[in-house]
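# Working through the structure, step by step
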Amino acid sequence: MSHIELRHLRYFIAVADELHFGRAAERLHISQPPLSQQIQALEAHVGAALFYRSNRSVRLTQAGQVFLAEARQILQRVDVASAQAARIHRGESGNLTLGLTSSAPFLRRVSSTLHRFRLTYPDVNIRIEQLNSKQQIDPLLEGKLDLGIMRNGELPAELEHHLVLTEPLIAVVHKDHPLNALADGELTFEHLADQPFVFFSKDVGTSLYDDILGQLKAQGISPFITQEVGEPLTIIGLVAAGLGVSILPASYLRIQVEGVRYLRFGNLHGTTQLWLVNHATRPLTAATRAFMALLLHDD
């Protein structure tokens, strides 16, 4: 025998459990002579007798007792490793690193998917990095993120996107602003054209900056931006302080701040998309595929 194989350990354990070659052979579904030969070869490889044999009995030697304990541990570790590998293959274990734009957790589609994934795959280690859409691009290219949940925007050819949902844009105004008097559905982008505007700084690099200003520009509107900030919650806070109006995705309706009203635009006025983005050519792990399936096929 050139080396010990797992089957030799199983043969040995069967004989050690039964202390009878005939019963052990029956348990292993092999004939007795080959079993005896394999045990003899194992002993020769180990360099020690593992069993005392007589016409009436079989019992373990001291060396056999020590070898039995180690053999059981080896097979147990192999079983554990096999089960773990199978769980990773099925997406039930492993790691998943997600990039998440700041508005994504406020979308029920995203929060419910995260909750369902956590319940369905409790052994997957989820790591979430809060990054705006443009900040997710390099980590996705470098493999530091498995998936990115971001707003629509320009992507390099190496990345591919999947549409998660489309949501309307909303106006964010102070509770005492005259625009609150408009009937539901009457509000248009033009109503905000001459208002002091609170918005993202261009340097922040959020895709919403390009997306929303691009939609305003398409209607001939260049908003009078008086306050530039880095976070949407800061935008809402400054609107509450009466420093201007703004436009944000409707997902922010879930954030209720005293002094702020959210107004819906009329038909055909502004939408934004949420994308799920992955590397186009890098193989996806099973955990990544499982998360994608939940998010993209959510009922």
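These numbers come from a predicted model, not from an experiment.

## Looking at the overall build of the chain
Within the chain, the regular secondary structure consists of 9 helices and 11 strands. Relative to its length of 299 residues, the chain is extended, with a C-alpha radius of gyration of 32 Å against a globular reference of 19 Å. Structurally, the chain occupies a C-alpha span of about 105 × 35 × 30 Å along its principal axes. Expressed as a percentage of the 299 residues in the chain, the buried residues total 43%.

## A look at the UniProt feature "domain: HTH lysR-type" (unreviewed entry) in the chain
Here the UniProt-annotated "domain: HTH lysR-type" (unreviewed entry) positions come out as residues 4-61. Each end of residues 4-61 is marked by a C-alpha atom, and these two atoms are 19 Å apart; helix forms 62% of the span and strand 10%.

## Considering the side chain of Glu167
On the secondary structure map, Glu167 appears in strand 6 (residues 159-174). Engagement of the side chain of Glu167 in a polar contact is seen with the backbone nitrogen of Ala250, the distance being 3.4 Å. The contacts of Glu167, once residues within four sequence positions are left out, are Leu107, Arg151, Pro249, Ala250, Ser251, Thr271 and Thr272.

## Thoughts on the environment of Ala218
Of note, Ala218 is situated in helix 7 (residues 207-218). Remark: the alpha-carbon pair of Ala218 and Asp176, spanning 42 residues in sequence, is separated by 29 Å.

## Topic: the UniProt feature "transmembrane region" (unreviewed entry) in the chain
Per the UniProt record, "transmembrane region" (unreviewed entry) is annotated on residues 233-255. Split by type, residues 233-255 is 35% helix and 17% strand. Its first and last C-alpha atoms lie 9 Å apart.

## Observations concerning the packing of aromatic side chains
For the structure shown, the criterion picks out 10 aromatic pairs. Between Phe12 and Phe67, the ring centres sit 5.1 Å apart and the planes meet at 75°, which makes this aromatic pair edge-to-face. Here Phe12 is found in helix 1 (residues 6-18), whereas its partner Phe67 is found in helix 4 (residues 62-89), with 55 residues between them in sequence. Comparing Phe12 with Phe67, the two get one shared label, buried. Judged by centre distance (4.9 Å) and plane angle (80°), the rings of Phe189 and Phe265 are edge-to-face. Placement of the pair is Phe189 in the loop between strand 6 and strand 7 (196-200) and Phe265 in the loop between strand 10 (260-264) and strand 11 (271-279), with a sequence separation of 76 residues. In this structure an aromatic cluster arises from ring pairing among Phe12, Phe21, Phe51 and Phe67.

Thresholds applied
Residues numbered from 1 in each chain as written. Predicted model: local features only at pLDDT ≥ 70, side-chain atom pairs only at ≥ 80, totals over all residues. Heavy atoms only, no water. Helix = DSSP H or I, 4+ residues; strand = E, 2+ residues; numbered from the N terminus. Rg over C-alpha atoms; globule rule 2.2 N^0.38 Å. Buried < 20%, exposed > 50% of the residue type's maximum accessible area, 1.4 Å probe, protein only. UniProt positions renumbered as here; feature names shortened; annotations may be inferred. Polar contact = N/O pair within 3.5 Å; in protein donor to acceptor, adjacent residues only side chain to side chain. Contact = heavy atoms within 4.5 Å. Phe/Tyr/Trp six-rings, centres within 6.5 Å; stacked < 30°, edge-to-face > 60°.

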